[in-house]
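Observations on the three-dimensional arrangement
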Amino acid sequence: MKLHFEPNLDYQMQAIEAVCDLFRGQEVCRTEFTVTMKAPVPVGSDLFPGTQPEQMTLGMAESDLGVGNRLTLLDDELLKNLNDVQLRGGLPPSGSLTSGDFTVEMETGTGKTYVYLRTIFELNKRYGFSKFVIVVPSVAIKEGVYKTLQITEDHFKGLYAGVPFDYFLYDSGKLGQVRNFATSSNIQIMVVTVGAINKKDVNNLYKDSEKTGGEKPIDLIKSTRPIVIVDEPQSVDGGLEGRGKEALDAMNPLCTLRYSATHVDKHHMVYRLDAVDAYERKLVKQIEVASATVEDAHNKPYVRLVKVENKRGRISAKVELDKQTPSGVQRVEVTVSDGDDLQQSADGRAIYADFRVGEIHTAKGDEFMELRYPGGEVFLKPGQAHGDVDALAVQREMIRRTIREHLDKEKRLRPLGIKVLSLFFIDSVDRYRQYDADGQPVKGVYAQIFEEEYRRAAKLPAYQSLFAEIDLDSAAEEVHNGYFSIDKKGGWTDTAENNAGNRENAERAYNLIMKEKEKLLSFDTPLKFIFSHSALKEGWDNPNVFQICTLRDIQTERERRQTIGRGLRLCVNQSGERVRGFDVNTLTVIATENYEQFAENLQKEIEKDTGIRFGIVE
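Residues numbered from 1 in each chain as written. Predicted model: local features only at pLDDT ≥ 70, side-chain atom pairs only at ≥ 80, totals over all residues. Heavy atoms only, no water.

**Some words on the sheet that holds strand E11 (residues 286-291)**
What holds strands together in a sheet is hydrogen bonding between their backbones, with the strands either parallel or antiparallel. Read across the sheet, six strands follow the order E11-E27-E26-E19-E25-E22 without closing on themselves; strand pairing throughout is parallel. Whereas interior strands pair on both sides, the edge strands pair on one side only; in this sheet they are E11 and strand E22 (480-483). On average, adjacent strands in this sheet sit at an angle of 20° to one another, irrespective of strand direction. Judged from the six bridges that link them, E11 and strand E27 (residues 586-591) form a sheet pairing that is parallel. (Pairing = 2+ DSSP bridges. Helix = DSSP H or I, 4+ residues; strand = E, 2+ residues; numbered from the N terminus. Axes fitted to C-alpha atoms, helices over the stretch in contact; angles between N-to-C directions.)

Next comes the structure, spelled out in structure tokens:
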């Protein structure tokens, strides 16, 4: 199957036009200049205050070293273009050109990657710009961008008269590619993770290399004045003054184009398609929530650690207790300190007699609270509970519900040529897949529960039409699989990208799932249920994810939006064509929150990220 790309979606064209119109008045022409191997001629600080007009030339420049982007526009001309674009899009106009950073906000699922890739070709066609660096925060997104470049190659060549272009993933072991990037006159697109460029002391990018003719690779990149495209800048920057932002600026970019649904620093906003716009225009799936929560289980002492704090030397913990209120027992959060009596904190409920708070530890990465009770003690980490209903009972119910929702949709959508996928986010890899003493993989508890519940659902009369003449034993094993980091021995491990080794582990996993994107959409592939740790949080997407089951807390900032973003894209049929309409495109989220909590928390995240205030017309 090949995915079909629509070239004339109005909102995508508006996002492309917004960026291209920043450079209105720029002409296409070539200027030759000579540089020595070690000392490139300075090319000015276009887009930044204090630029001298005499430093600027038009179009493109080439030399022994290579071909670079060049700009003719002065700051005041750029500012006028920027203001025109902003007013046209109903955005507050910038008062001055404080930086060369321009922001495009597009809701997850609306084709952000397609938009910035097509913007590259449009900028080349109109102004001759040819050097582009795409910087991403993770291996997952890098592989996703590379996959998109592969599957759109014919599409873009068809739209832009077969214009030649090269794209590659930056690899510190293949620095000859960087030299080619600088010297080629074709469109050049380099894709790189911020983790590969933001550590100067250990990074080959900043060292002399024979593979680049004796140059530091960063100097070659600088000399081309690349247009830098940042995917998910809130994760790339590393804070407002972080190392990621430093690494971007070190490339001496002609400008920086920043694309995300959840910006932290807005810089100069040039286009905005927010969560509400996307929903109202039916550009994404609508969301429904199936909640799995425990109710009225107050007959044993329950204590959950929410967080620990050290404020000005005062150490405390926030815990959740079952407290007596005028309307009955309710689960509420209270703040406690070392030695506190929880019976008192719970307004005298006798069930908490002799429950006391012990040591509270606030060291980063090692936070816990000691809970002392008759006959024992327990150390709770944030999010952990004592006296809770058997957690696996809740998770079994969530897995069962996900399977039923999946099969209900499959009955309805399979006749339309639409394959249904479900995605599980789990709390640790070993709960899905473990290894025995001989290193052989064995099923973890989630995999066992899934297969038991899948076989049980398959025997229900409602789903008989889906399972005619199917061997349930083999089918239950074939329909699910996990995508996690893979270590050098082939074993699965929790995903982390905090060093080179872990990035390599992640690379092995993403390579697999990215290459199988179209395969997953085909009825010929039995896989339908995907288990992931944090690997698929951002960067991976598949338009036919219709269920997302969160078998772990989704509490951190922006994580709720990022998580459901994996399933927001409009689905495709077996011909790779988009199918529109909410009657087909509904994403079911199976969560450990009730509907009101989930909706309220999602709205709070959207309000915080976008500035929209629900229920208020501004």
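Moving on, there is more to tell.
**Description of unusual backbone geometry**
Unlike most non-glycine residues, Lys-282 shows phi in positive territory, near 55°. Mapped onto the secondary structure, Lys-282 falls in the loop between helix H9 (275-280) and E11. Lys-282 gets classed as partly exposed once you look at its relative accessible area, which sits at 44%. Although it is not a glycine, Asp-347 adopts a positive phi angle of roughly 60°. Mapped onto the elements of the fold, Asp-347 is located in the loop between helix H10 (342-345) and strand E15 (356-361). (Buried < 20%, exposed > 50% of the residue type's maximum accessible area, 1.4 Å probe, protein only.)

**Topic: the nonpolar core**
Residues Phe-23, Leu-123, Phe-129, Ile-134, Ile-189, Leu-257 and Val-270 are the most contacted members of the largest nonpolar core, which totals 58 residues. Element by element, the count of residues in this core is highest for helix H3 (residues 112-127), at eight residues. Leave out the neighbours within four places in its chain, and Ile-189 touches Ile-120, Phe-132, Ile-134, Leu-149, Phe-165, Asp-166, Tyr-167 and Phe-168. By size, the runner-up hydrophobic cluster in this structure holds 28 residues, among which are Leu-407, Ile-426, Tyr-432 and Cys-549. (Core = buried A, V, L, I, M, F, W, Y, C linked by side-chain atoms within 4.5 Å. Contact = heavy atoms within 4.5 Å.)

**With respect to the sheet that holds strand E17 (residues 376-380)**
Spatially, E15-E16-E17 is the arrangement adopted by the three strands of the open sheet, whose pairing is antiparallel. The open sheet terminates on both sides in strands that have one partner only, identified here as E15 and E17. Between one strand axis and the next, the sheet turns by 20° as a mean value, whatever way the strands run. As paired strands, E15 and strand E16 (residues 368-373) are joined by four bridges and run antiparallel to one another. Residue Ile-360 lies in a different strand from E16, and its bridge partner there is Met-369.

**Quick word on the pattern of salt bridges**
For the structure shown, the criterion picks out 31 salt bridges. In this structure, the salt-bridge partner of Arg-331 is Asp-322, at a minimum N-O distance of 2.8 Å. Under the relative-accessibility criterion, Arg-331 is labelled partly exposed at 30%. Several salt bridges share partner residues, and in doing so they unite Glu-17, Asp-21, Arg-24, Arg-88, Glu-122 and Arg-126 into one network. (Salt bridge = Lys/Arg side-chain N within 4 Å of Asp/Glu carboxyl O.)

**A short note on the packing of aromatic side chains**
Each aromatic ring pair is summarised here by two numbers: the centre-to-centre distance and the angle between the ring planes. Per the stated rule, a full pass over the model turns up 25 aromatic pairs. Here Phe-368 and Phe-379 contribute two aromatic rings whose centre-to-centre distance is 5.5 Å and whose plane-to-plane angle is 80°, an arrangement assigned as edge-to-face. Note that Phe-368 is positioned in strand E16 and Phe-379 in strand E17, a separation of eleven residues in sequence. Judged by relative accessible area, Phe-379 falls into the partly exposed class, the value being 42%. Positioned above the aromatic ring of Phe-523, the side-chain terminus of Arg-414 is 4.3 Å from the ring centre. (Phe/Tyr/Trp six-rings, centres within 6.5 Å; stacked < 30°, edge-to-face > 60°. Lys NZ or Arg CZ within 6 Å of the ring centre and 35° of its normal.)

**Points about the packing of H3 against helix H4 (residues 139-159)**
Closest axis-to-axis distance for the H3/H4 pair is 11 Å, and the angle between their directions is 50°. Compared by their axis directions, H3 and H4 come out oblique. The hand of the H3/H4 crossing is right-handed. Across the interface between the two elements, Thr-113, Tyr-114, Tyr-116, Leu-117, Arg-118 and Phe-121 from H3 touch Val-145, Thr-148, Leu-149, Thr-152, His-155, Phe-156 and Leu-159 from H4. (Parallel < 35°, antiparallel > 145°, perpendicular 65-115°, else oblique. Left-handed = near helix turned anticlockwise from the far one by under 90°.)

**So, the pairing of strand E5 (residues 131-136)**
Counting buried positions along E5 gives six out of six residues, so the element sits mostly inside the fold. The alternating pattern of E5 places Lys-131, Val-133 and Val-135 and Phe-132, Ile-134 and Val-136 on opposite faces, both of which are buried. Strand direction decides the pairing type here: E5 and strand E7 (residues 187-193), joined by six bridges, are parallel. The partner of Val-136 across the bridge, within E7, is Thr-193. With four bridges connecting them, E5 and strand E8 (residues 227-231) associate as parallel partners. By the bridge assignment for E8, Ile-134 is matched with Ile-229.

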